[in-house]
Amino acid sequence: RAASAQGPGAPGADTTRPVPERFTRFDAHPGYQQLAMMRQGAEQLGLKDPFFKVHEGLAGATSMINGRQCINFASYNYLGYSGDPRVVQAACEAAAHYGTSVSASRVVSGERPIHGELEQAIASTYGVEDAVAFVSGHATNVSTLGYLLGPKDLVLHDEYIHNSSLVGAQLSGAKRMSFSHNDPAALETLLDRHRHQFERVLVVVEGLYSMDGDIPDLPRFIELKQRHQVWLMVDEAHSFGVMGETGLGLREHFAIDPTDVDIWMGTMSKTLSGCGGYIAGNKALVETLRYFAPGFLYSVGMPAQVAAPSLKVLELMSKEPERVAKLQAISRYFLEQAQARGMDTGHSIGSAVVPVIVGSSPLAAHLSHALLEKQINVQPILYPAVPEKSARLRFFLSCEHTQAHIDQTLDILATLIADAKG
Ligand code: PMP
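As the structure is a prediction and not an experimental result, all values here were calculated from the model.

Some points on the site of the ligand
For the ligand, the set of nearby residues contains 14 residues, the closest of which are G137, H162, A237, T267 and S269. Ranked by the residues each element gives to the shell around the ligand, the list is headed by helix α6 (residues 137-148), at three residues. Its residues assigned to classes, the shell around the ligand shows one nonpolar, 11 polar and two charged.

Topic: the confidence of the model for the chain
Of all residues in the chain, 98% have pLDDT values of 70 or greater, and the mean over the chain is 96. Counting interchain partners and residues more than four positions distant, the pLDDT-below-50 stretch residues 1-5 has one contact. This prediction of the complex comes with two scores: 0.95 for pTM and 0.99 for ipTM.

Concerning the domain arrangement of the chain
Looking at the assigned domains, one finds that the chain contains domain 1 (46-75 + 321-421) and domain 2 (86-319). The centre of domain 1, based on its C-alpha atoms, is set 27 Å off from the matching centre of domain 2. Those elements that provide at least two residues to the side of domain 1 that touches domain 2 are α14 (321-340) and β10 (353-357). By residue class, the composition of the side of domain 1 that touches domain 2 is 10 nonpolar, four polar and one charged.

Some details on the environment of I412
Residue placement: I412 occurs in helix α16 (residues 403-421). Judged by C-beta crowding, with 18 C-beta atoms within 10 Å, I412 ranks as partly exposed. In this structure, I412 is in contact with L371, K374 and I376, ignoring residues within four places of it in sequence.

Observations concerning the sheet that holds strand β7 (residues 231-235)
Within the open sheet, the seven strands sit side by side as β3-β9-β8-β7-β6-β4-β5. Their pairing is mixed. Edge positions in the sheet fall to β3 (130-134) and β5 (175-179), since each has one partner strand and no second. Taken pair by pair, the neighbouring strands of this sheet meet at an average axis angle of 20°, ignoring direction. In the packing of helix α5 (residues 113-126) onto the sheet, contacts are made with β3, β8 (263-267) and β9 (277-281), and the angle to β3 comes to roughly 130°.

Overview of helix α8 (residues 184-194)
Within α8, the full set of buried residues consists of P184, L187 and L191. Around the axis of α8, the buried residues are gathered within 55° of arc, so they sit on the same side. Residues of α8 that are exposed and point over 90 degrees away from its buried face: A185, T189, D192 and R193. The elements touched by buried residues of α8 are β4 (154-158), β5, β6 (201-206) and α9 (218-228).

Here's the deal with the sheet that holds strand β12 (residues 379-381)
Taken in spatial order, the three strands of this open sheet run β10-β13-β12, and their pairing is antiparallel. Of all the strands in the sheet, the pair left with one neighbour each is β10 and β12. On average, each strand axis in the sheet is inclined to that of its neighbour by 35°, with strand direction left out of account. By the bridge criterion, three bridges tie β12 to strand β13 (residues 392-396) in an arrangement that is antiparallel. Across the sheet, residue I381 finds its bridge partner in β13, namely R392. Against the sheet, helix α15 (residues 361-373) touches β12 and β13, its axis set at about 180° to β12.

Concerning the packing of α15 against α16
Put simply, α15 and α16 touch, their axes get as near as 10 Å, and they point 135° apart. Taken together, the axis directions place α15 and α16 in an arrangement best described as oblique. Crossing handedness for the pair α15 and α16: right-handed. Contact residues: α15 offers L363, H366, L367, A370 and L371, while α16 offers I412, L413, L416, I417 and A420. Looking at side-chain class alone, the contact of α15 with α16 contains nine nonpolar, one polar and no charged residues.

Considering the pairing of β3
In terms of burial, β3 is a largely internal element, five of the five residues being buried. Burial of β3 is two-sided: the residues D130, V132 and F134 facing one way and the residues A131 and A133 facing the other way are all buried. Taken together, the five bridges between β3 and β9 define a ladder with antiparallel strand orientation. Directly across from A131, in β9, lies its bridge partner A280.

Quick word on the UniProt feature "domain: Aminotransferase class I/classII large" (unreviewed entry) in the chain
UniProt records the feature "domain: Aminotransferase class I/classII large" (unreviewed entry) for residues 69-411 in the present numbering. Taken end to end, residues 69-411 comprises 45% helix and 16% strand; its first and last C-alpha atoms sit 19 Å apart.

Quick look at unusual backbone geometry
Across the junction of Y383 and P384, the peptide omega takes the value 10°, indicating a cis bond. If you trace the backbone, P384 turns up in the loop between β12 and β13. Unlike most non-glycine residues, F52 shows phi in positive territory, near 60°. The topology assignment puts F52 in the loop between α2 (30-44) and β1 (62-65). According to the C-beta neighbour criterion, F52 is exposed, with 5 such atoms within 10 Å. With phi around 55°, Q229 is a residue other than glycine that occupies positive phi space.

How each quantity is defined
- Residues numbered from 1 in each chain as written.
- Predicted model: local features only at pLDDT ≥ 70, side-chain atom pairs only at ≥ 80, totals over all residues.
- Near = placed C-beta within 6 Å.
- Helix = DSSP H or I, 4+ residues; strand = E, 2+ residues; numbered from the N terminus.
- Nonpolar A, V, L, I, M, F, W, Y, C, P; charged D, E, K, R; others polar.
- pLDDT = per-residue confidence, 0-100.
- Contact = placed C-beta atoms within 7 Å.
- Domains from an automatic or database assignment.
- Buried ≥ 20, exposed ≤ 12 C-beta atoms within 10 Å, placed from the backbone.
- Pairing = 2+ DSSP bridges.
- Axes fitted to C-alpha atoms, helices over the stretch in contact; angles between N-to-C directions.
- Arc of directions from axis to C-beta.
- Parallel < 35°, antiparallel > 145°, perpendicular 65-115°, else oblique.
- Left-handed = near helix turned anticlockwise from the far one by under 90°.
- UniProt positions renumbered as here; feature names shortened; annotations may be inferred.

Printed below as a string of C-alpha cells:
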C-alpha cells in the first residue's frame, strides 16, 4: 500500500532523520516510567520497597533475612522438602554423576535416564499415560497453550488465571475470553454461546488459586467439558502436594478419574522442591509437546540436579502422608485464627494459601514492612497484581509452621492493623 511504500527503509526515505529519544532510551520505556512512578509514590508515603528481599539461607517456615531469623510465610516450600537432607543428597549425587548441565536440548543430546524416571513418576502419580518436564513452570504454560492452539481456536479461562497461561493463550493467536472466578455457570454461558464458532476449545482453571487460596468445583467443570466437547486444563502449581489426603492434588480431593482432565499441569518449584514444570496426560498430547513445544524443543534439558530432588520428593511423599495432614491442619488453624481476629480472608478454604485482605496497597506494603521489623516475613500483594480494594498480605503455609508461629504472627498483625486504622 502507498503508506508502507513511504515507510522506513522505502527508496528515497530520509534515514538520517532523528528518531525521538523515547524510542531509543530504556529509561523512556513505559515500564521504566511506571517503576519510577511507583517508587516516587512509595517514597512520598514513606514505604520501603517490599520486593527482592534477600533470604540468606534455606527459606522454610523460618528464614534468615538481613541477618535476622524470621518466621517466613512467603515461600511455597509446602511440605518442607526443599532443604531436606535426603532431597539435597539426591541433588548432589545427580550433579556428581551427570555434571551440572546436560549441555543440549533433550531432543538432540541432552536426554538422560533421570528425565524419563521423573516423567514416569509424575505420570504414574497422576494415573495417566505420560508426562513431559520443561525447565520452567512459566514456560510450560506459555509453550503448551502457545503451541496447541491457533487462530481458529478459543481459550476460556478463569479470570484469576496465572500470567503464564495468559501469555500462552496470547501467543497462540486463539480467541481468549475469561469467565468470573470459580463460576462454572458463567463458563457454561460462554460455551453455549461460542463453542460452535471455533474448532478446538480449551478451558483453563487452577487447582488452588495462588492469590486467594480457593479451588474450582472440578467435577462441575468436567461435566461441562464433556458436554461441550472441549479440552480441560488444570494448573496444579499450588494444589499438588497440598490438596487430597496424600497430596495428590485435585483429582484425589474430588476422587475423580484423572483421565477426565485432558491436561494436568504442575510445577516443580513448589512442593517438588526443584524448578521447572510438567504436563501430564495421554500419550498423544505428551508426545506432540515433546517433539514440537518450542519451550521444550528449543531449550536445554533440565539439569540432573534439578530433576533429582523432584523425583526424590515424589518418592518421599508417598511414604510420608503425615506431612500433608500437618500442612492441612496448620493451614486450617491459620484460617480460623485469622478469622477469629476479625481479618478478611476472602474465599480461602484454608489450604496452604491464605490472604489477609486489607483493602489498600499502601496499607499492605506498610504492614509487610512493620511485620518484617518484628521478624515476620510476608509478602504484600499490591495493585495491579490484584484490584486496589483487595490489596492484601498473602500467607503461604508449610507443614513446618507451628501454632506458636501463627499465634505470634496474627497477634502482632492484629495490633498493627488496629494501630494503622487509628
Ligand atoms: N502456574 C501458577 C498457577 C503459578 O502460580 C506459577 C508461579 N508461581 C506458575 C505457573 C509458574 O511456575 P514457576 O514459578 O515454577 O515457573
